Amino acid sequence: MEQQREALLGQIWAAQDEAYDLMYEYDSLPHRYGAHILYQSEAHIIDLIGEHPEITVTELAAILKKTPSACSQIVRKLRAKGWVEQVRNAENNRIYNLYLTESGKQVYQAHTAFNQSCQEATFQLLSNFSPEELEHHLMVQRKLNEAYQDDVRRSRDYDRPASLLWIIHKTKGKYLFTIKKYLKYIKIFLTYFLFIIL
């Protein structure tokens, strides 16, 4: 029984890897929506602007969990294609709101229709599963998502640069004296190193 369970867990792990590879490949390819061709990263932003007119690049970045710089690059491409316009906010000159142009709205509508057809095709593939089986799958997937979220959290904590401001923020200034002492030692070391080589 235990061996069967381990074999099933291994198959689930392999299926998740396969799903990730397929989604990664899909996202890396250009797609045709009606008469328009664009990448998934562009389509996501088109969708968000279509759903939230007046949205800003900063808000896009927060929703997509990307940097504002990365979102700005995609917005520039969409503006160059004539699908998005950027309008200075009347109340705050530092803010630019994003809108879809008429051709951008056509892309948005075509992409929405495409997503709908993909969803219907997927639901058709799952039509032979009972509600109970689908509920079991949903329970398993949610647990897997918890594991992914934990991996993301641990990776972010590990990879986060230990900048002075970040350390102060995380410790609420408790270790500021220690940090100053640490920086003092670095300064002494660099002074000594420069003295040696010069």
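Residues numbered from 1 in each chain as written. Predicted model: local features only at pLDDT ≥ 70, side-chain atom pairs only at ≥ 80, totals over all residues. Heavy atoms only, no water.

Visitor: Looking at this structure, how should I read the overall build of the protein chain?
Guide: Scanning the protein chain from terminus to terminus reveals eight helices and four strands. For the protein chain, the succession of helices and strands along the chain, N to C, is α-β-β-α-α-α-β-β-α-α-α-α. Buried positions account for 17% of the 198 residues belonging to the protein chain. In the protein chain, 46% of the contacts between residues at least 6 apart in sequence involve partners at least 24 apart. Put simply, the protein chain shows about 16000 Å² of open surface, and 59% of that area lies on carbon and sulfur atoms. (Helix = DSSP H or I, 4+ residues; strand = E, 2+ residues; numbered from the N terminus. Buried < 20%, exposed > 50% of the residue type's maximum accessible area, 1.4 Å probe, protein only. Contact = heavy atoms within 4.5 Å. Areas by Shrake-Rupley, 256 points an atom, 1.4 Å probe, with all protein chains shown as cover.)

Visitor: Help me understand the environment of S28, please; the structure alone is not making it clear to me.
Guide: Among the structural elements, S28 can be located in helix 1 (residues 2-28). Accessibility expressed as a relative area gives 40% for S28, which makes it partly exposed. Along the primary structure S28 and Q40 are separated by twelve residues, whereas in three dimensions their C-alpha atoms are 7.5 Å apart. Within the local environment of S28, its side chain forms a polar contact with the backbone oxygen of E25, the two atoms lying 2.7 Å apart. (Polar contact = N/O pair within 3.5 Å; in protein donor to acceptor, adjacent residues only side chain to side chain.)

Visitor: What exactly am I supposed to notice about helix 2 (residues 40-51) here?
Guide: Helical geometry: 3.6 residues make up each α-helical turn, so side chains three or four residues apart lie on a common side. Here helix 2 spans 16 Å end to end across twelve residues, near enough to the 16 Å set by a 1.5 Å rise per residue. By the burial criterion, the buried members of helix 2 are Q40, E42, A43, I45, I46, D47, L48 and I49. (Expected span 1.5 Å × (residues − 1).)

Visitor: What exactly am I supposed to notice about the pattern of salt bridges here?
Guide: For side chains of opposite charge, pairing can occur when their charged atoms come near one another. Considering all chains together, one arrives at six salt bridges under this definition. K81 is the partner of E42 in a salt bridge, and the nearest nitrogen-oxygen pair spans 3.2 Å. One end of the pair, E42, is in helix 2; the other, K81, is in the loop between helix 4 (68-80) and strand 3 (84-88), and 39 residues separate them in sequence. Judged by relative accessible area, K81 falls into the partly exposed class, the value being 38%. (Salt bridge = Lys/Arg side-chain N within 4 Å of Asp/Glu carboxyl O.)

Visitor: When you look at the packing of helix 2 against helix 5 (residues 102-125) in this model, what are you seeing that I'm missing?
Guide: Angle between the axes and distance between the axes: these two values describe a pair of packed helices. Running from N to C, helix 2 and helix 5 cross one another at 105°; their axes reach a closest spacing of 9 Å. In terms of orientation, helix 2 and helix 5 fall into the roughly perpendicular class. On helix 5, the residues touching Q40, A43, I46, D47, G50 and E51 of helix 2 are G104, V107, Y108, H111 and N115. Residues of the contact of helix 2 with helix 5, tallied by class, amount to four nonpolar, five polar and two charged. (Axes fitted to C-alpha atoms, helices over the stretch in contact; angles between N-to-C directions. Parallel < 35°, antiparallel > 145°, perpendicular 65-115°, else oblique. Nonpolar A, V, L, I, M, F, W, Y, C, P; charged D, E, K, R; others polar.)

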